[in-house]
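Structural features, examined
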Amino acid sequence: MSSDLAAVPRARIGILISGRGSNMVALADAVREERIPNAAMAIVISDKPDAAGLAKAKERGIETLVIERRGRKRAEHDREIVAALRSKDVDLVCLAGYMRMLSPEFIAAYRGRILNIHPSLLPAFPGLEAQRQALDHGVKTSGCTVHFVDETLDGGPVIAQRTVLICETDTVESLSARILTEEHKLYPEAVSAVLRQVAIKA
Ligand code: GRF
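Residues numbered from 1 in each chain as written. Predicted model: local features only at pLDDT ≥ 70, side-chain atom pairs only at ≥ 80, totals over all residues. Heavy atoms only, no water.

**Remarks on the sheet that holds strand 4 (residues 92–95)**
- The strand order across the open sheet built from seven strands is 3-2-1-4-5-6-7, with neighbouring strands paired in mixed fashion. In this open sheet, the two strands that pair with only one neighbour each are strand 3 (64–66) and strand 7 (158–165). Averaged over all pairs of adjacent strands, the angle between their axes in this sheet comes to 20 degrees, without regard to strand direction.
- By the bridge criterion, four bridges tie strand 5 (residues 114–118) to strand 6 (residues 141–148) in an arrangement that is antiparallel. Residue pairing in the sheet places Leu115 in a bridge with Phe148 of strand 6.
- Packed on one face of the sheet, helix 6 (residues 172–197) meets strand 1 (11–17), strand 2 (39–46), strand 4, strand 5, strand 6 and strand 7 and runs near 155 degrees to strand 7. (Pairing = 2+ DSSP bridges. Helix = DSSP H or I, 4+ residues; strand = E, 2+ residues; numbered from the N terminus. Axes fitted to C-alpha atoms, helices over the stretch in contact; angles between N-to-C directions. Contact = heavy atoms within 4.5 Å.)

Pasting the structure below:
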């Protein structure tokens, strides 16, 4: 594996989504505008056929694929996803609102090459409804985190964070919207930093 990413072909990014896909759009736009340099969008995969992000990817000319769980064991579902990512020569996997834990097999297949974005300042408030958890705890600051994915729930090494102040009048919706604005800036910056520092292309 070369340590000089600039000297190798474009790093191919695969994104997993389950829903709206606004972070996927932020990444795809950053790749197109070369704010994430030396990268290409390889595929967007959703586990939900009705994910709104699928249409947004297609509009941008990005190949999409739906791989539903269909009652299978997680490892079996993940095997199909990993096979699809490999068939597209994906170097870096970005989770963007993908609502499932990955199996140890998936993590082993792409160890150190899977990123996630989470709407809190991890390790605070992992798991679901992070913005509601922040409000319920009465913290004055929250934000978002991009981290490497390991076998723990939102517990892998942190790559980058951005803070958002919480106002007295905040609701889950208003706080989520302000955090999301920061997510859309942070995720492309973090992917770009990872691609600069890590030899992602085999
Ligand atoms: C974001 O808040 C992200 O941090 C979390 O799920 C949400 C996905 O939103 N993991 P979108 O699908 O990217 O719009």
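**As for helix 2 (residues 52–59)**
- Among the residues making up helix 2, those that are buried are Gly53, Leu54 and Ala57. Buried residues of helix 2, viewed axially, fall in a sector of 105 degrees; they line one side. The outward face of helix 2, more than 90 degrees from its buried face, is lined by the exposed residues Lys58 and Glu59.
- Contacts from the buried residues of helix 2 go to strand 1, helix 1 (22–32), strand 2 and strand 3.
- Gly61 occupies a position one or two residues after helix 2 and carries a positive phi of about 75 degrees. (Buried < 20%, exposed > 50% of the residue type's maximum accessible area, 1.4 Å probe, protein only. Arc of directions from axis to C-beta.)

**Considering the site of the ligand**
- Around the ligand, the structure places Arg20, Gly21, Ser22, Asn23, Gly97, Ile117, His118, Pro119 and Glu183.
- Within the contact set of the ligand, an oxygen atom lies 2.5 Å away from a side-chain nitrogen or oxygen of Ser22.
- In isolation the ligand exposes 360 Å². Once the protein is present, 86% of that is buried.
- Taken together, the elements giving at least two residues each to the shell around the ligand come down to helix 1 and strand 5.
- Grouping the constituent residues of the shell around the ligand by class yields two nonpolar, five polar and two charged. (Near = heavy atom within 4 Å. Polar contact = N/O pair within 3.5 Å; in protein donor to acceptor, adjacent residues only side chain to side chain. Areas by Shrake-Rupley, 256 points an atom, 1.4 Å probe, with all protein chains shown as cover. Nonpolar A, V, L, I, M, F, W, Y, C, P; charged D, E, K, R; others polar.)

**Comments concerning the packing of aromatic side chains**
- Per the counting criterion, the structure on display carries one aromatic pair.
- A ring pair is formed by Phe106 and Tyr110, whose centres lie 6.4 Å apart and whose planes are at 55 degrees; its orientation type is tilted.
- Residue class for Tyr110 comes out buried when judged on its relative accessible area of 5%. (Phe/Tyr/Trp six-rings, centres within 6.5 Å; stacked < 30°, edge-to-face > 60°.)

**Structural notes on the pattern of salt bridges**
- If you walk through the whole model with that rule in mind, you get 16 salt bridges.
- Residue Asp29 pairs with Arg32 through a salt bridge whose shortest N-O separation is 3.2 Å. Of this pair, Asp29 and Arg32 both sit in helix 1, separated by three residues, roughly a single helical turn.
- With its nearest N and O atoms 2.8 Å apart, the salt bridge here joins Arg35 to Glu33.
- By sharing partners, the salt bridges in this structure join Asp29, Arg32, Glu33, Arg35, Glu59 and Arg60 into a single network. (Salt bridge = Lys/Arg side-chain N within 4 Å of Asp/Glu carboxyl O.)

**What about the confidence of the model for the protein?**
- Looking at the protein, the pLDDT average stands at 94 and 94% of residues meet or exceed 70.
- Across residues 1–7, confidence stays below pLDDT 50; counting only partners more than four residues off in sequence or on other chains, it has 16 contacts. (pLDDT = per-residue confidence, 0-100.)

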